[in-house]
Amino acid sequence: DRPDALPYDLAGLRVLISAGGTREPLDPVRFLGNHSSGKQGYALGRAAAQRGAEVTIVAGTVSAAGDPAGVDIVGVGSAEQMATEMTKRAADADVVIMAAAVADFRPVSMADAKIKKGDQGPAPIELTTNPDILRGLVEARTEGRIAASTVIVGFAAETGDETGGVLDHGRAKFKRKGCDLLVVNAVGNGKAFGTEDNTGWLLSSGGEETALPPGSKTLMASRILDEIRTLVPDETE
Ligand code: CTP
Ligand code: CA
């Protein structure tokens, strides 16, 4: 892609993006994690920067090739660390995008020393629920700790199941989260995780539902940014 082929329509906007997976520590050398590559979050960061935005990416585990030029990268490990960084930085952002695959659960405690194999066989791992960062951000905005004008965007990776299809789950999640835009990705059968291409829908708070035809994560990123641009209040009044 030639940067000069992109619109320069995000100039001056501060965009905060979470990307990649989280690592939930078990002991000093082990963690529970996931296969998120961070590619979609990085593609968004790269495209937003090319369109003139000031971009910060709070990155968990990523296997994206190379950090996008002109983007601030803040590395984090666990969901709690990601929550801290995102919550703190959201106060200075115009747009906040939760593209990260945040672990829903973490081990109740982290052992101080490496867990030994012993001869009793494995002990079960007790889990507790992580903070919902996206909901926390929406709540912070409701309570005035984040400006009312801040646009908050979430992602949902759905497979669909016997209770409903991808879009049904996406709609339900959009209601639950209270964000302004939800990017619903159809996953499963090798789709999305670690691959180059995404497909899905954009659900926005006005009630619009836009189908996203299959395309690269770069193309997906520009479509998402186009939609975000329409949600950012105009300051030229
Ligand atoms: N998310 C978050 N904090 C969490 C879990 C998820 O901020 N602890 C964010 C993700 O970054 C994503 C959105 O919430 O933007 C949806 O994540 P998803 O895992 O699809 O939703 P959950 O609410 O965790 O529901 P479930 O996993 O049961 O489908
Ligand atoms: Ca989840």
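In this text, all values refer to a predicted model and were calculated from it rather than measured experimentally. (Residues numbered from 1 in each chain as written. Chains lettered and ligands numbered in written order. Predicted model: local features only at pLDDT ≥ 70, side-chain atom pairs only at ≥ 80, totals over all residues. Heavy atoms only, no water.)

A separate point is the nonpolar core. By size, the foremost hydrophobic cluster in this structure holds 31 residues, and its most contacted members are Ile-97, Ile-224 and Ile-228. Elements that contribute at least two residues to this core include exactly β1 (14–19), α1 (39–50), β4 (54–59), β6 (95–98), β9 (151–158), β10 (181–186) and α5 (217–231). (Core = buried A, V, L, I, M, F, W, Y, C linked by side-chain atoms within 4.5 Å. Buried < 20%, exposed > 50% of the residue type's maximum accessible area, 1.4 Å probe, protein only. Helix = DSSP H or I, 4+ residues; strand = E, 2+ residues; numbered from the N terminus.)

Turning our eyes to something else, we now look at the site of ligand 1. Neighbouring ligand 1 are 13 residues, the closest being Met-98, Pro-131, Leu-134, Lys-173 and Lys-177. For ligand 1, an oxygen atom lies 3.0 Å from a polar atom in the side chain of Asp-104. Here a nitrogen atom of ligand 1 sits 3.0 Å away from a polar atom, N or O, in the main chain of Ile-133. Across the complex, the protein chains shield 76% of the 560 Å² of accessible surface that ligand 1 would expose by itself. Of all elements in the fold, only α3 (133–142), β9 and α4 (166–177) reach the threshold of two or more residues within the shell around ligand 1. It is β9 that provides the largest number of residues to the shell around ligand 1, a total of three residues. (Near = heavy atom within 4 Å. Polar contact = N/O pair within 3.5 Å; in protein donor to acceptor, adjacent residues only side chain to side chain. Areas by Shrake-Rupley, 256 points an atom, 1.4 Å probe, with all protein chains shown as cover.)

Taken together, Asp-104 (OD) and Asp-104 (OD) make up the protein donors of the calcium ion (ligand 2), found 2.4 to 2.6 Å from the metal. Within the secondary structure, Asp-104 is located in the loop between β6 and β7 (105–107). (Donors = N, O, S within 2.8 Å, 3.2 Å for Na, K, Ca; no water.)

This part covers the layout of surface pockets. One water molecule sets the probe size; rolling that probe over the atoms shows where empty space is left. Put simply, the largest pocket is a space of about 990 Å³. Lining the largest pocket we find 40 residues, and of these Ala-100, Ala-101, Val-102, Phe-155 and Ala-157 sit closest to its centre. Where the lining of the largest pocket is concerned, the elements lending two or more residues are α1, α3, β9 and α4. Looking at the lining of the largest pocket element by element, the count peaks at four residues for β9. Taken as a whole, the second largest pocket holds about 350 Å³ of empty space. Forming the walls of the second largest pocket are 16 residues, and the residues nearest its centre are Leu-26, Ile-115, Ala-123, Pro-124 and Ile-125. By residue class, the composition of the lining of the second largest pocket is nine nonpolar, two polar and five charged. (1 Å grid on protein atoms, 1.4 Å probe; cavity = no way out; pocket = protein on both sides within 12 Å on 5 of 7 lines; lining within 4 Å. Points joined across faces, edges and corners; volume = space filled by probe spheres on them. Nonpolar A, V, L, I, M, F, W, Y, C, P; charged D, E, K, R; others polar.)

Listed under "binding site: CTP" (unreviewed entry) in the UniProt record, and renumbered for this structure, are Asp-104, Lys-114, Pro-131, Asp-132, Ile-133, Leu-134, Phe-155, Lys-173 and Lys-177. Maximum C-alpha separation among the annotated residues is 37.9 Å over a sequence range of 74 residues, too wide for a single clustered spot. Within the annotated group just given, the residues that line the largest pocket are Asp-104, Pro-131, Asp-132, Ile-133, Leu-134, Phe-155, Lys-173 and Lys-177. By relative accessible area, Asp-104 is classed as exposed at 56%. In this view, Asp-104 contacts Thr-128, Thr-129 and Asn-130; residues no more than four positions away in its chain are not counted. Considering the arrangement of structural elements, one finds Phe-155 in strand β9. Those residues within four positions of Phe-155 in sequence are excluded, and the remaining contacts are Gln-40, Leu-44, Ile-97, Met-98, Ala-99, Leu-182, Val-183, Asn-185 and Ile-224. (UniProt positions renumbered as here; feature names shortened; annotations may be inferred. Contact = heavy atoms within 4.5 Å.)

Right, let's talk about the packing of α1 against α5 for a bit. Two packed helices can be described by the angle between their axes and the distance between those axes. Between α1 and α5, whose axes approach to 8 Å, the crossing angle comes to 60°. With respect to their mutual orientation, α1 and α5 come out oblique. Considering how the two elements wind past one another, α1 and α5 form a crossing that is right-handed. Residues Lys-39, Gln-40, Ala-43, Leu-44, Ala-47 and Ala-48 of α1 pack against Lys-217, Thr-218, Met-220, Ala-221, Ile-224 and Leu-225 of α5. A class-by-class count of the residues in the contact of α1 with α5 yields eight nonpolar, two polar and two charged. (Axes fitted to C-alpha atoms, helices over the stretch in contact; angles between N-to-C directions. Parallel < 35°, antiparallel > 145°, perpendicular 65-115°, else oblique. Left-handed = near helix turned anticlockwise from the far one by under 90°.)

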